[in-house]
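Working through the structure, step by step
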Amino acid sequence: MKQKKKPKAALSTSPLGQLSDVDLRLLRVFKSVVEAGGLSAAELELNIGRSTISRHLKDLEIRLGMNLAKRGRSGFALTDEGANIYRATLNLLGSIESFRNEVNDIHQSLTGKLSIALFDKTAGNPACHIDKAIARYVEEAPEVALELHVEPINVIEKGVMEGRFQLGVIPAHRESTSLSYLSLFNEQMYLYCGNNHPLFDQDDTVIAASEVLQYPYAGLGYHSPNMEVGQKLAMQRGATAYDQEAIVHLVLSNCFLGYLPEHYAAKWVERGEMRAVACEQFQYLCEFMAITKGSPKPSRILQSFLNCLELAHKQP
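Note that the structure is a prediction, hence the values are computed from the model and not measured.

**Examining the nonpolar core**
Core analysis: the biggest nonpolar cluster contains 64 residues, and V212 and Y259 have the highest contact counts within it. It is strand β6 (residues 179–194) that contributes the most residues to this core, nine residues altogether. Beyond its immediate sequence surroundings of up to four residues, Y259 is in contact with M189, Y190, L191, A218, N226, V229, L233, M235, I247, F282, Q283 and Y284. With 16 residues, the next largest nonpolar core counts V29, V33, L64 and L90 among its residues.

The following block contains the structure:
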């Protein structure tokens, strides 16, 4: 005799009541799954099995009364409601972290978590002294847990505004009234071509700007100095990349020109695999800034790190 299947738990239609610790835990699991891109990818991050993660997500959906994501053979994808809940989760968890930091300020203790997001490939820049700032900060605030991310500019800006990151380091481009800025260091950017590109063997003194503009270039696919320069010079975008390593691959293909930091491109230049096109108008200096939320004022653990950043980049 066949056993009857248990009916699926119905989604709640009542308004959400008071949040409990269990709700916060479920929301943190949901956030991790979204940022990992799926249940399987979140297993290592959360250190729990996929079936448990799936059960937690279902419990959260029942608690909130809505479907948050589609999951199956086609992959993991947020519903419209899920995307809204994810944004609300970031705001909620950011507010909790801000509250914790304010309590720590009252106790005059530097404890808690400091979440920092950095733009791509800054570590190799000799003008970047974030490592020195971290060393100073760890000495001053050994009980603060540091959390570092590497993200695109738009993700960093949004993350700082929403409270996911307390501080970001990005190239200066457009400014927002919602953010505060601290100048840190500069980065020299050149336009590069691969060793089988038509421009590679030409003398820079005979390369005309009009000739450079005939060739497609690989540009970053989000608002950045890279995008601004490409648009200003009316360059032909032939490929879109979302980090600088992707631009390297496109340049090495010899099909595209691409902007790269001088320090990052140096190893391929030394191997003779690419070179900078030294036309003056196809180079620019990129200023890097530390960004924080414009208000409220920085917590003590954040202000202390800002001080360390400023000192590290002022000293020779």
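**A word on unusual backbone geometry**
Here the amide bond leading from S295 into P296 is cis, since omega sits at 0 degrees, within 30 degrees of zero. Turning to its location among the elements, P296 is positioned in the loop between β11 (283–293) and α11 (300–314). Not every positive phi belongs to a glycine, and K121 is a case in point at roughly 60 degrees. Counting through the fold element by element, K121 comes out in the loop between β3 (112–118) and α5 (130–140). By relative accessible area, which is 24% here, K121 ends up partly exposed. Within the chain, N254 stands out as a residue other than glycine whose phi angle is a positive 70 degrees. A relative accessible area of 17% means that N254 is categorised as buried.

**Some details on the side chain of R164**
You can see R164 is positioned in the loop between α6 (153–162) and β5 (167–171). Side chain to side chain, R164 and E35 meet in a polar contact 3.4 Å long. Excluding its chain neighbours within four sequence positions, the residues that come into contact with R164 are E35, Y86, L90, S115, H149, E151, V155 and G159.

**Some details on the pairing of strand β1 (residues 69–72)**
Alignment of β1 against strand β2 (residues 75–78), held across four bridges, turns out to be antiparallel. Among the inter-strand pairings, R71 is bridged to a residue of β2, identified as F76. Where β1 folds back onto β2 in an antiparallel hairpin, the turn is made up of two residues.

**Side note on the pattern of salt bridges**
Scanning the entire structure with this criterion turns up 11 salt bridges. Note that K31 and E35 form a salt bridge whose closest N and O atoms lie 3.3 Å from each other. Taken together, the positions of K31 and E35, both in helix α1 (residues 21–36) and four residues apart, correspond to about one turn of that helix. Classification of E35 by relative accessible area gives partly exposed; the value is 32%. With a shortest N-O distance of 3.4 Å, R164 and E35 are connected by a salt bridge. Taken as a pair, R164 in the loop between α6 and β5 and E35 in helix α1 lie far apart in primary sequence, 129 residues in all.

**Considering the side chain of N125**
The residue N125 is located in the loop between β3 and α5 in this model. Setting aside its immediate chain neighbours within four residues, N125 contacts F185, N186, E187 and H263.

**Regarding the packing of aromatic side chains**
Evaluation of the coordinates by the stated rule reveals six aromatic pairs. With a centroid separation of 5.2 Å and 85 degrees between ring planes, the pair formed by Y137 and F305 is classed as edge-to-face. Of the two residues, Y137 is situated in helix α5 and F305 in helix α11; the sequence distance between them amounts to 168 residues. Comparing Y137 with F305, the two get one shared label, buried. The interplanar angle of 80 degrees and the centroid separation of 5.3 Å between the aromatic rings of Y264 and W268 together place this pair among those described as edge-to-face. Highlighted residues: Y264 and W268, both in helix α10 (residues 262–270), separated by four residues, approximately one helical turn. We note that Y264, like W268, is buried.

**A word on the environment of S95**
Within the element layout of this structure, S95 appears in helix α4 (residues 80–106). Expressed as a C-alpha distance, the spacing of S95 and A172, which sit 77 residues apart in the sequence, is 27 Å.

**Describing α10**
Within α10, burial applies to Y264, A265 and W268. Projected down its long axis, α10 shows its buried positions confined to an angular sector of 80 degrees, all on one face. Here the buried face of α10 lies against β6, α9 (244–252), β9 (257–261) and β10 (274–277). Trailing α10 by a residue or two, G272 shows a phi angle of about 75 degrees, which is positive.

Definitions and limits used
- Residues numbered from 1 in each chain as written.
- Predicted model: local features only at pLDDT ≥ 70, side-chain atom pairs only at ≥ 80, totals over all residues.
- Heavy atoms only, no water.
- Core = buried A, V, L, I, M, F, W, Y, C linked by side-chain atoms within 4.5 Å.
- Buried < 20%, exposed > 50% of the residue type's maximum accessible area, 1.4 Å probe, protein only.
- Helix = DSSP H or I, 4+ residues; strand = E, 2+ residues; numbered from the N terminus.
- Contact = heavy atoms within 4.5 Å.
- Polar contact = N/O pair within 3.5 Å; in protein donor to acceptor, adjacent residues only side chain to side chain.
- Pairing = 2+ DSSP bridges.
- Salt bridge = Lys/Arg side-chain N within 4 Å of Asp/Glu carboxyl O.
- Phe/Tyr/Trp six-rings, centres within 6.5 Å; stacked < 30°, edge-to-face > 60°.
- Arc of directions from axis to C-beta.

Note that all results are geometric; they support no functional claim without further evidence.
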